[in-house]
Amino acid sequence: MELHFTGIIIGVATFLIIGMFHPLVIKGEYYFGVKCWWVFLLAGIASVVASLIVADILWSTLLAVFGASSFWSIGELFEQRKRVERGWFPKREKQKREEK
């Protein structure tokens with residue numbers, strides 16, 4: 001009997017990739033606001049293009065999942081701003097400069 005682990009590897013890796021983007025969106029919005037959306041856009045474009053070039057099905061799939069998660073995170077970044085406004089997440093206070 002031959003076992004094929006590619007599907008399980010893709011499933012676990014997809015779970016981890018999506019789980020990684022959750023704190024990235026929260027921290028990105030906290031420290032930079034929504035103006036960091038373009039980082040997710042560039043990462044998504046690069047990943048999707050790379051997935052088209054890579055021949056190995058495992059790596060191509062994981063690059064595509066990473067790209068799709070990057071694109072999804074752009075919308076989540078703007079949703080996170082609304083969550084902060086509702087008080088569901090802390091808002092970063094701007095640090096006051098100390099004048100000497």
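Everything quoted here is computed from the prediction, not taken from an experiment. (Residues numbered from 1 in each chain as written. Predicted model: local features only at pLDDT ≥ 70, side-chain atom pairs only at ≥ 80, totals over all residues. Heavy atoms only, no water.)

Peer 1: When you look at a nonpolar patch on the surface in this model, what are you seeing that I'm missing?
Peer 2: There is a patch of nonpolar side chains on the surface, built from Met1, Leu3, Phe5, Ile8, Ile9, Val12, Phe15 and Leu16 and spanning about 970 Å² of accessible area. Positionally, Phe15 belongs in helix α1 (residues 6–32). (Patch = residues over 30% accessible without salt bridge, like charges linked within 9 Å, V, L, I, M, F, W, Y side chains within 5 Å. Areas by Shrake-Rupley, 256 points an atom, 1.4 Å probe, with all protein chains shown as cover. Salt bridge = Lys/Arg side-chain N within 4 Å of Asp/Glu carboxyl O. Helix = DSSP H or I, 4+ residues; strand = E, 2+ residues; numbered from the N terminus.)

Peer 1: Looking at this structure, I do not really get the packing of aromatic side chains. What am I missing?
Peer 2: Both the distance between ring centres and the angle between the ring planes are used here to describe each pair of aromatic rings. As enumerated under the stated definition, the model contains 3 aromatic pairs in all. Here the aromatic rings of Phe21 and Phe40 are separated by 6.3 Å at their centres, their planes lie at 45°, and the arrangement is tilted. Taken together, the residues span a long stretch of sequence, with Phe21 in helix α1 and Phe40 in helix α2 (residues 37–53) at a distance of 19 residues. Comparing Phe21 with Phe40 shows no difference in burial state: the two are buried. A connected cluster of aromatic rings, assembled from ring pairs, spans Phe21, Phe40 and Phe66. (Phe/Tyr/Trp six-rings, centres within 6.5 Å; stacked < 30°, edge-to-face > 60°. Buried < 20%, exposed > 50% of the residue type's maximum accessible area, 1.4 Å probe, protein only.)

Peer 1: Explanation requested: helix α3 (residues 57–85) in the structure shown.
Peer 2: Given 3.6 residues to a turn, an α-helix orients residues that are three or four positions apart in the same direction. Between its terminal C-alpha atoms α3 stretches 42 Å, which fits the 42 Å expected from 29 residues at 1.5 Å a residue. Bending of α3 peaks at approximately 30° at the position of Ile74. The N-terminus of α3 is capped by Asp56, whose side-chain oxygen sits 3.2 Å from the backbone nitrogen of Leu58. (Expected span 1.5 Å × (residues − 1). Bend = angle between axes of the 7 residues up to and from the residue. Polar contact = N/O pair within 3.5 Å; in protein donor to acceptor, adjacent residues only side chain to side chain.)

Peer 1: I tried to follow α1 on my own but got confused; where do I start?
Peer 2: Taking 1.5 Å per residue, 27 residues should reach 39 Å; α1 reaches 37 Å between its end C-alpha atoms and fits that length. When α1 is considered as a whole, its buried residues turn out to be Ile10, Ala13, Thr14, Ile17, Phe21, Val25, Gly28 and Glu29. Along its buried surface, α1 packs onto α2 and α3. Taken from the residues just after α1, Gly33 is the one with a positive phi, measuring 75°. (Contact = heavy atoms within 4.5 Å.)

Peer 1: What is the right way to read the packing of α1 against α3 from this model?
Peer 2: In a packed pair of helices, the relevant descriptors are the angle between the two axes and the axis-to-axis distance. Interhelical geometry of α1 versus α3 gives an angle of 30° and a closest axis separation of 8 Å. In terms of their interaxial angle, α1 and α3 are classed as roughly parallel. Two packed elements cross with a definite hand, and for α1 against α3 that hand is right-handed. By residue class, the composition of the contact of α1 with α3 is 15 nonpolar, 8 polar and 3 charged. (Axes fitted to C-alpha atoms, helices over the stretch in contact; angles between N-to-C directions. Parallel < 35°, antiparallel > 145°, perpendicular 65-115°, else oblique. Left-handed = near helix turned anticlockwise from the far one by under 90°. Nonpolar A, V, L, I, M, F, W, Y, C, P; charged D, E, K, R; others polar.)

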